[in-house]
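Coordinate inspection notes
Chain by chain, the residues run as shown.
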Amino acid sequence: MWKTSADAPVKTYKLATVTYGTVPAPFLANRTLKALADEEKAEFLDAADVICNDSYMDDILSGESTLESAKNLQTRLSQLLERGGFELHKWVSNSPELLKDLSASSYVFVWNFRMLQ
């Protein structure tokens, strides 16, 4: 609520975003993503499962066993989150092929990983 002067009418404002840095912000962000996943799981079962089970704070940490299934999951996650007005960015992968079709601003880097034998 706000008044510009003592005799001015009261204006009511409503905060429509999550303010980061407040105590409930992490819960609200995660709860919003879970609600979206629940609403869209009939059409995006795989992506909804990843959002519900492979998320930490505002990061999704997941993977697939083949490049083709990883690309499919990448597309499905993006489509599901677009329904809620969200855009995935900061992609990281150990496969340059997975990042090939993304704009340069959408990914951070290709992670070079070698298994120690």
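Procedures and definitions
- Residues numbered from 1 in each chain as written.
- Predicted model: local features only at pLDDT ≥ 70, side-chain atom pairs only at ≥ 80, totals over all residues.
- Heavy atoms only, no water.
- Helix = DSSP H or I, 4+ residues; strand = E, 2+ residues; numbered from the N terminus.
- Buried < 20%, exposed > 50% of the residue type's maximum accessible area, 1.4 Å probe, protein only.
- Contact = heavy atoms within 4.5 Å.
- Areas by Shrake-Rupley, 256 points an atom, 1.4 Å probe, with all protein chains shown as cover.
- Axes fitted to C-alpha atoms, helices over the stretch in contact; angles between N-to-C directions.
- Parallel < 35°, antiparallel > 145°, perpendicular 65-115°, else oblique.
- Nonpolar A, V, L, I, M, F, W, Y, C, P; charged D, E, K, R; others polar.
- pLDDT = per-residue confidence, 0-100.
- 1 Å grid on protein atoms, 1.4 Å probe; cavity = no way out; pocket = protein on both sides within 12 Å on 5 of 7 lines; lining within 4 Å.
- Points joined across faces, edges and corners; volume = space filled by probe spheres on them.

- Per an unreviewed UniProt entry, the protein chain carries the name Integrase catalytic domain-containing protein and comes from Trichonephila clavipes.

1. Remarks on the overall build of the protein chain
- Along its length, the protein chain carries 4 helices and 4 strands.
- The N-to-C order of helical and strand elements in the protein chain reads α-α-β-β-α-β-α-β.
- Taking all 117 residues of the protein chain together, 21% fall into the buried category.
- Long-range contacts, defined here as pairs at least 24 residues apart, represent 41% of the contacts in the protein chain between residues at least 6 apart.
- With the model as given, the accessible surface of the protein chain reaches about 9,200 Å², and the carbon-plus-sulfur share is 56%.

2. Looking at the packing of helix H2 (residues 45-53) against helix H3 (residues 67-83)
- As a packed pair, H2 and H3 sit with axes 9 Å apart at the nearest point and diverge in direction by 80 degrees. It follows from the interaxial angle that H2 and H3 lie roughly perpendicular. On H3, the residues that touch Leu45, Asp46, Ala47, Ala48, Val50 and Ile51 of H2 are Asn72, Leu73, Arg76, Leu77, Leu80 and Leu81.
- Its residues assigned to classes, the contact of H2 with H3 comprises 9 nonpolar, 1 polar and 2 charged.

3. Section: the confidence of the model for the protein chain
- In this model, the protein chain carries an average pLDDT of 84, and 87% of its residues clear a pLDDT of 70 or more.
- When mean pLDDT is taken per element in the protein chain, H2 scores highest with 96 and strand S4 (residues 107-110) scores lowest with 51.

4. Side note on the layout of surface pockets
- When its volume is computed, the largest pocket comes out at roughly 1,100 Å³.
- If you go around the largest pocket, you meet 33 residues; those closest to its centre are Asp59, Ile60, Leu88, His89 and Trp91.
- Within the residue set of the lining of the largest pocket, elements represented by two or more residues are helix H1 (25-40), strand S2 (59-60), H3 and strand S3 (91-93).
- Classifying every residue of the lining of the largest pocket gives 18 nonpolar, 10 polar and 5 charged.
- Lining the second largest pocket are 13 residues; nearest its centre among them are Gln74, Thr75, Ser78, Trp91 and Leu102.
- Considering each element in turn, the lining of the second largest pocket owes the most residues, 5 residues, to H3.
- For the lining of the second largest pocket, a count of residues per class yields 5 nonpolar, 4 polar and 4 charged.

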